[in-house]
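Tertiary structure, described
This is what each chain is made of:
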4 protein chains.
Amino acid sequence: MPEFKDALTKDTFGAAGRHSHPDDTVIEVRDLKIGGGELTVIAGPCSVESREHILKIAGEIKDAGACILRGGAFKPRTSPYNFQGLGEEGLHFLADAGKAFDMPVISEITGVSQIGLFGDVDIIQVGARNMQNFELLREVGRLGKPVLIKRGFSNTLRELIFAADYVMNEGNPNVILCERGIRTFETYTRNTLDLSAVPVLKKLTHLPVIVDPSHATGRSEFVEPMVLAAVAAGADGIMIEVHDDPAHSLTDGRQAIDPEAFRKLVSRAKAVKAALKEGK
Amino acid sequence: MPEFKDALTKDTFGAAGRHSHPDDTVIEVRDLKIGGGELTVIAGPCSVESREHILKIAGEIKDAGACILRGGAFKPRTSPYNFQGLGEEGLHFLADAGKAFDMPVISEITGVSQIGLFGDVDIIQVGARNMQNFELLREVGRLGKPVLIKRGFSNTLRELIFAADYVMNEGNPNVILCERGIRTFETYTRNTLDLSAVPVLKKLTHLPVIVDPSHATGRSEFVEPMVLAAVAAGADGIMIEVHDDPAHSLTDGRQAIDPEAFRKLVSRAKAVKAALKEGK
Amino acid sequence: MPEFKDALTKDTFGAAGRHSHPDDTVIEVRDLKIGGGELTVIAGPCSVESREHILKIAGEIKDAGACILRGGAFKPRTSPYNFQGLGEEGLHFLADAGKAFDMPVISEITGVSQIGLFGDVDIIQVGARNMQNFELLREVGRLGKPVLIKRGFSNTLRELIFAADYVMNEGNPNVILCERGIRTFETYTRNTLDLSAVPVLKKLTHLPVIVDPSHATGRSEFVEPMVLAAVAAGADGIMIEVHDDPAHSLTDGRQAIDPEAFRKLVSRAKAVKAALKEGK
Amino acid sequence: MPEFKDALTKDTFGAAGRHSHPDDTVIEVRDLKIGGGELTVIAGPCSVESREHILKIAGEIKDAGACILRGGAFKPRTSPYNFQGLGEEGLHFLADAGKAFDMPVISEITGVSQIGLFGDVDIIQVGARNMQNFELLREVGRLGKPVLIKRGFSNTLRELIFAADYVMNEGNPNVILCERGIRTFETYTRNTLDLSAVPVLKKLTHLPVIVDPSHATGRSEFVEPMVLAAVAAGADGIMIEVHDDPAHSLTDGRQAIDPEAFRKLVSRAKAVKAALKEGK
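Residues numbered from 1 in each chain as written. Chains lettered and ligands numbered in written order. Predicted model: local features only at pLDDT ≥ 70, side-chain atom pairs only at ≥ 80, totals over all residues. Heavy atoms only, no water.

**Topic: the relation of the copies chain A and chain B**
- Its rotation angle being 180 degrees, the transformation that places chain A on chain B also includes 0.0 Å of axial translation and leaves an RMSD of 0.0 Å. Here the transformation between the copies is reduced to the relation of a two-fold axis. It is Ala-229 of chain A whose C-alpha, among those of chain A, lies nearest the rotation axis, at 2.0 Å.
- Most of the interface of chain A is mirrored in chain B, where 100% of its interface residues again form contacts. (Least-squares fit on C-alpha atoms with pLDDT ≥ 70 in both. Contact = heavy atoms within 4.5 Å.)

**Focus: the pattern of salt bridges**
- Tallied over the entire structure, the rule returns 87 salt bridges over all chains.
- For Asp-102 of chain A, the salt bridge goes to Arg-30 of chain A, with nearest N and O atoms at 3.9 Å. One end of the pair, Asp-102 of chain A, is in the loop between helix H2 (88-100) and strand S5 (105-109); the other, Arg-30 of chain A, is in the loop between strand S1 (27-29) and strand S2 (32-34), and 72 residues separate them in sequence.
- Taking relative accessible area as the criterion, Asp-102 of chain A reaches 54% and is therefore assigned exposed.
- Between Asp-122 of chain B and Arg-30 of chain B there is a salt bridge whose closest N-O contact spans 3.1 Å. Here Arg-30 of chain B lies in the loop between strand S1 (27-29) and strand S2 (32-34) and Asp-122 of chain B lies in the loop between strand S5 (105-109) and strand S6 (123-126), a separation of 92 residues in the sequence.
- Connected via shared salt-bridge partners are Arg-151, Glu-179 and Asp-194 of chain A together with Glu-186 of chain B. (Salt bridge = Lys/Arg side-chain N within 4 Å of Asp/Glu carboxyl O. Helix = DSSP H or I, 4+ residues; strand = E, 2+ residues; numbered from the N terminus. Buried < 20%, exposed > 50% of the residue type's maximum accessible area, 1.4 Å probe, protein only.)

**Regarding the sheet that holds strand S3 (residues 40-44) of chain A**
Residues and elements named next belong to chain A.
- Strand order in the closed barrel made by the eight strands is S3-S4-S5-S6-S7-S8-S9-S10, with parallel pairing throughout. Strand-to-strand twist across the sheet, computed as the mean angle between neighbouring axes with direction ignored, equals 30 degrees.
- Bridge analysis of S5 against strand S6 (residues 123-126) gives four bridges, and the strand direction is parallel. The partner of Glu-108 across the bridge, within S6, is Gln-125. (Pairing = 2+ DSSP bridges. Axes fitted to C-alpha atoms, helices over the stretch in contact; angles between N-to-C directions.)

**Quick look at the confidence of the model for chain A**
Residue and element names in this part refer to chain A.
- Predicted confidence across chain A gives a mean pLDDT of 94, with 95% of residues reaching 70 or more.
- Here residues 1-5 is modelled with pLDDT under 50, and outside its nearest four sequence neighbours on either side it reaches ten contacts, counting other chains as well.
- Overall fold confidence (pTM) sits at 0.95, and the ipTM for the predicted complex is 0.95. (pLDDT = per-residue confidence, 0-100.)

**Regarding the packing of aromatic side chains**
- If you walk through the whole model with that rule in mind, you get 20 aromatic pairs over all chains.
- Ring geometry for Tyr-81 of chain A versus Phe-162 of chain D: centroids 6.5 Å apart, planes at 65 degrees, classification edge-to-face. Here Tyr-81 of chain A is found in the loop between strand S4 (68-70) and H2, whereas its partner Phe-162 of chain D is found in helix H4 (residues 157-168) on a different chain.
- Using a relative accessible area of 38% as the deciding quantity, one classes Tyr-81 of chain A as partly exposed.
- The exposure class of Phe-162 of chain D is buried, given its relative accessible area of 3%. (Phe/Tyr/Trp six-rings, centres within 6.5 Å; stacked < 30°, edge-to-face > 60°.)

Set out below in structure tokens:
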């Protein structure tokens, strides 16, 4: 194929750039590997709702094929009048559920003052609204543990990669990038999942790329097709909201799928992943 | 899964709406079927450049797995100073190449005054810039032959479905919808391919849905991953720009792939399609 | 002030570019001048509804300060099931009202097949959805009369100027540009009025620039502040939807103002215009 | 004028909503009033560059009509490799310049750890990237001093008002809102200034509204027309980047105007403001 000139040269980025690390980065969390070939399946409820609830869902999703448990304890909400999450207690419940089913856990941090509370959280998530909260990026960069950065809903991929550079500059190489939908004028879906982000990020960086179709589409019936598409596009993993009773979820029930739908989705996603290997 | 209320009710649309035709529409072009299970592979150069050229490419893509030949004769260009296509002569060359290799052909119409020239074109394409050219939609609706409508680059899916209604209202049920990328603030790709359009359109309408990743990404290296993602998302077909010498293409060479890359892409797309069936 | 390099060079555009015509173009319509210093006030209902109605409004807006009468006869509608305008009859009613009150009239053309019907229309409007309907642009370019081109709701200013070039290339120098709002993710207003378009277009081209705040905001209560802002930004004119009974308007009543509000608006707009001259 | 139903009801917002405080809020800073009729003119360099420099510019802009001095000490930069501001030292230089010319000063805070350093800063600015940094909003809400919140470049006005609610909920009623341009697909200007934000915010809230045309347009030649437009749209104030040598500014020189251009701009802005009063 012919060569064309590229606006982003090899020197644009720092440690996050592909030129500084030609091989794909593989991140280890306990005995799991993120990146490098296996599909990473992260699942769980939008919010941790109670100890019993997170334990119940953790068991169900583990059985259905999830390898990492998600659950929000600090929820960034547009309005101060909405449910803000269980906070510190929620993190404890999440960690307990992770231990009970031997799964690493991931949860979102929404401020630097919470850093001391995340000791039992295996992967720290920086959410879309904080993608350019540079103080927070630097602080999580000083911890050794993996950080998953979600693309801001109107940020460019260039800006996302620089967010990774903010973390890596502080000495933490364990960064995972996550596409979760961008704002457009389309209103039928909550946001527009930009799957071209997957091959673009794989080209420009060496970091694992995860796709979250739940927040992107905002509708449970589109989660499966977008998961399959994400896997086909080359994503290293997926992050899915699963709830045993979506209609009564405390937050974002419209986009959650139930454990039975999740089981089928994982099976089909693995079939697509396998087909990619065959076809090469 | 629980039921949620939907802003687009079943009566929003006319003939294009799923409620008016619960089964998937299958469109026949010569002995080909678009929709209904087989992957439709449309390929060819951005523009018809000469008789020899289109004949050469037609043979190569047919051999590599294409079933419909594309080629632009009337090119809608932002600037009046750019190459506007070979016009009527280009349509003749395209039709000849289609006959030589027994492939139906598709080409874009850019004005109602051209309708008489499209007699030998099997599928008429209405481009993104004309998606709300209602005069043109009505005129192609009066012809019996299949019409492929590309989503305007800042139109909603609701508007795209109404464009189909304009065509169908004139008595032509043979409408194919095509997602080709929307405008966003991301600049690394030419447009942003909105693959959630595929399941949304399959839910709201009964019409076949085709994805064009060449115009959407504007970069040849992202065509294959986005084709695989489109197939995984449930697309009925794909439309790909193929050129034997992309660097010297008269138009849009940056996004064209060569016949060898196309052959591999078709093979991998079929593997993904097959995996979807297995997983069900 | 220092000089900075500009991505749009002086040779980017053709006849529409400022470099090809350093002085501001002034367009004459009957004995009116558009551009060149006086504020052009275009007003009227969204749609021509009946002969009596357009005559009544014409008299009221003339009295309140309008100098050109607008009224849609061919309405481009997203859905084929919505009111499409009175068509040819509507143009007759509009022309009669213009004669009765000695005002030039402007109306939108939505297809090349209508050109023969626009003989009594003084200014032909090409709407936002047809800004890149190049066949239509060429056809109105072959007429001698003034053409007002509305910016497509997701087109760049560069693309708008090329649309003017399409018209001017056919020998018609009488082009007026119109900003009418672009699509964004903001939902409180119908579109987002891009007033920076005014100084940008005045810099890059020599053509008169009109602003339509009615379609842009979609809400009557914001029409006056946006008119005042448009005048302050340097617009040559404004186009306002006025209806004597907005709540019962056949189309777009939410954005129409009544004649009394229009009278005040014109008076305040002229005060702002005068202040700009003083301040220089 | 007729009444239409509104998606944002009177109970949507808390303390920031117009229904909770029908009169316009006037904020006092030393003996200045923001809101309530007089035009507030904030000016200064993008970044504080040195003690001498900020003192020089402060004198020049005060003489030309500015009443508040701006200057960035902590700069939020997309890339960690770019100049990040002078930090604490920059705040001292800014405070000294404010004292020397008896002007209140405003500067941006980019993290909660900096709060202790802002004792001598009269108005704390929360920048666009931190508009949904809820931890920071709560922390500045616990201080008594005025807070200016810039709209995030892809946030809706509804989200901006909720950001104000986050601050006010902590007991701080002194919130100023600032429109500074949103992201669109237009590339000629850096962002697109959304001036309809001014009347919308004045309708939905009781808080003063400031417009920053420097960041929005990103080009010095468009600053004056957009300032005049902002004033005509009803803005309570403007925030302008002024630099004595824009071509050598450490940051964002392309959008800065020099003191002489600023003097003319203030004079013209006041003429427009006066015209608005006359016309009522």
